[in-house]
Amino acid sequence: MEISPELAEELLQKGLDLAYSILPKLVYAALFYFIGRWIVGKLVRSFEKILEKRESNPSLNNFLVGVIKALLYVSLIIGIATILGVPLTSFVAVLGAAGLAIGLALQGSLSNFAGGVLILLFKPFKVDDVITAQGHTGTVREIGIIYTRMTTFDNKEIIIPNGGLANSDVINMSTQQKRRVDMTVGVAYGTNIKVARETILAIFKNDERVLQDPEPVVFLNNFGDSSLDLVIRVWTEAPNLWPVYFDSMEAINLAFEEKGIEIPFPQRVVHQAKA
């Protein structure tokens, strides 16, 4: 089938008109993209320098930089679409629908993401703190956007989703410089409580790790089945908590042996009725 000269000329003219109408937009869009990309890079680097001067959490810095970068590039893409003549309302509708679909598919991850943001912003704990959370006790090794990593005292790694961590109780044992050591010791019925108390307090008076203000105290706490239970409370610097506890328990045992104070074991007295 042959194309008539008039039809060919008409098609050529329409092609040229289309090119003249599209090419300027493509050129403007390309210029807008390269200039906008350069501006985005400068803004992101400036924002990174501001965060570095604040010396805030590195994970939070990375998150904030990523959010700012994403918002700037979305703005750049919207600008390019506008130059090319794409209806802005349609473009925003597509982005909204895509965001809704992604949000529904990633509900759990988004909950953890939001929890990570809250933890990084409000800082209920930080790296190297010892905490108890979600039934685990250990040292915080890494606070990420989605998960927090802990190492237990027996060197197990615990990975906890931030969603549950941000919405549950967290016990932070590293925020206070002083900690109270609580101990309970049982002595036999018939023991002179005053002598037992003085024996225990003498141990803490000679231990430089134990603080004398507040002063150590020993109280009779309970009449047990086989023992009189003494509760002991002393204060020490946080790093000395467990050394003081274990050393004191051993020292109390040795001191009781020297004083002849009996630490009883469970026992029952049975009376046989006469027939």
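Reading guide: rules and limits
- Residues numbered from 1 in each chain as written.
- Predicted model: local features only at pLDDT ≥ 70, side-chain atom pairs only at ≥ 80, totals over all residues.
- Heavy atoms only, no water.
- Helix = DSSP H or I, 4+ residues; strand = E, 2+ residues; numbered from the N terminus.
- Buried < 20%, exposed > 50% of the residue type's maximum accessible area, 1.4 Å probe, protein only.
- Contact = heavy atoms within 4.5 Å.
- Areas by Shrake-Rupley, 256 points an atom, 1.4 Å probe, with all protein chains shown as cover.
- Expected span 1.5 Å × (residues − 1).
- Arc of directions from axis to C-beta.
- Pairing = 2+ DSSP bridges.
- Axes fitted to C-alpha atoms, helices over the stretch in contact; angles between N-to-C directions.
- Core = buried A, V, L, I, M, F, W, Y, C linked by side-chain atoms within 4.5 Å.
- Salt bridge = Lys/Arg side-chain N within 4 Å of Asp/Glu carboxyl O.
- Phe/Tyr/Trp six-rings, centres within 6.5 Å; stacked < 30°, edge-to-face > 60°.

**Topic: the overall build of the protein chain**
Point 1. For the protein chain, the helix and strand inventory stands at seven helices and nine strands.
Point 2. The buried share of the protein chain, reckoned over its 275 residues, is 29%.
Point 3. In the protein chain, the share of contacts with a sequence separation of at least 24, taken over all contacts with a separation of at least 6, comes to 61%.
Point 4. For the protein chain, the accessible surface area stands at approximately 18900 Å², while carbon and sulfur atoms represent 60% of it.

**Description of helix H7 (residues 241-259)**
Structural remark: α-helix, 3.6 residues per turn; residues separated by three or four positions point the same way.
Point 1. A rise of 1.5 Å per residue sets the reference length of H7, with its 19 residues, at 27 Å; its end C-alpha atoms lie 27 Å apart and thus fit the reference within 8%.
Point 2. Every buried residue of H7 is accounted for by Leu 241, Val 244, Ser 248, Ile 252, Ala 255 and Phe 256. An end-on view of H7 places all buried positions within 95° of arc, on one side of the element. Structural note: H7 exposes Phe 246, Glu 250, Glu 257 and Glu 258 on the side pointing more than 90 degrees away from its buried face.
Point 3. Looking at the buried residues of H7, the elements they touch are strand S6 (178-187), helix H6 (193-205), strand S7 (210-211) and strand S9 (228-237).
Point 4. In the stretch just after H7, Gly 260 is the one whose phi turns positive, near 75°.

**Observations concerning the sheet that holds strand S5 (residues 170-172)**
Point 1. Here five strands make up an open sheet; going across it, the order is S4-S3-S2-S1-S5 and the pairing antiparallel. Edge positions in the sheet fall to strand S4 (157-161) and S5, since each has one partner strand and no second. Taking each pair of neighbouring strands and ignoring which way they run, the sheet shows an average axis angle of 40°.
Point 2. Inspection of the sheet shows strand S3 (residues 147-152) paired to S4 by five bridges, in the antiparallel sense. Among the inter-strand pairings, Thr 151 is bridged to a residue of S4, identified as Glu 157.

**Some thoughts on the nonpolar core**
Point 1. Ranked by internal contacts, the top residues of the largest apolar core, which has 21 residues, are Ile 200, Phe 204, Ile 232, Val 234, Ile 252 and Phe 256.
Point 2. At the level of elements, S6, H6, S9 and H7 are the ones that each hand at least two residues to this core.
Point 3. Discounting residues that sit within four places of it in the chain, Ile 200 has contacts with Val 218, Leu 230, Ile 232, Ile 252 and Phe 256.
Point 4. Listed in part, the 12 residues of the second largest apolar core include Leu 120, Ile 131, Ile 143 and Ile 158.

**Side note on the pattern of salt bridges**
Point 1. By the definition in use, this model includes eight salt bridges.
Point 2. Between Lys 156 and Asp 154 there is a salt bridge; the shortest N-O distance is 3.6 Å.
Point 3. The exposed category is assigned to Lys 156, whose relative accessible area is 52%.
Point 4. Connected via shared salt-bridge partners are Glu 142, Arg 149 and Glu 157.

**Concerning the packing of aromatic side chains**
Point 1. Applying the stated criterion across every chain, the model contains four aromatic pairs.
Point 2. Between Tyr 33 and Phe 34 the ring centres are 5.2 Å apart and the planes differ by 70°, which places this aromatic pair in the edge-to-face class.
Point 3. Exposure remark for Tyr 33: the relative accessible area of 30% places this residue in the partly exposed category.
Point 4. When the centroid spacing of 5.7 Å and the interplanar angle of 25° are considered together, the rings of Trp 242 and Phe 246 count as stacked. Pair noted here: Trp 242 and Phe 246 are both in helix H7, with a separation of four residues, about one helical turn.

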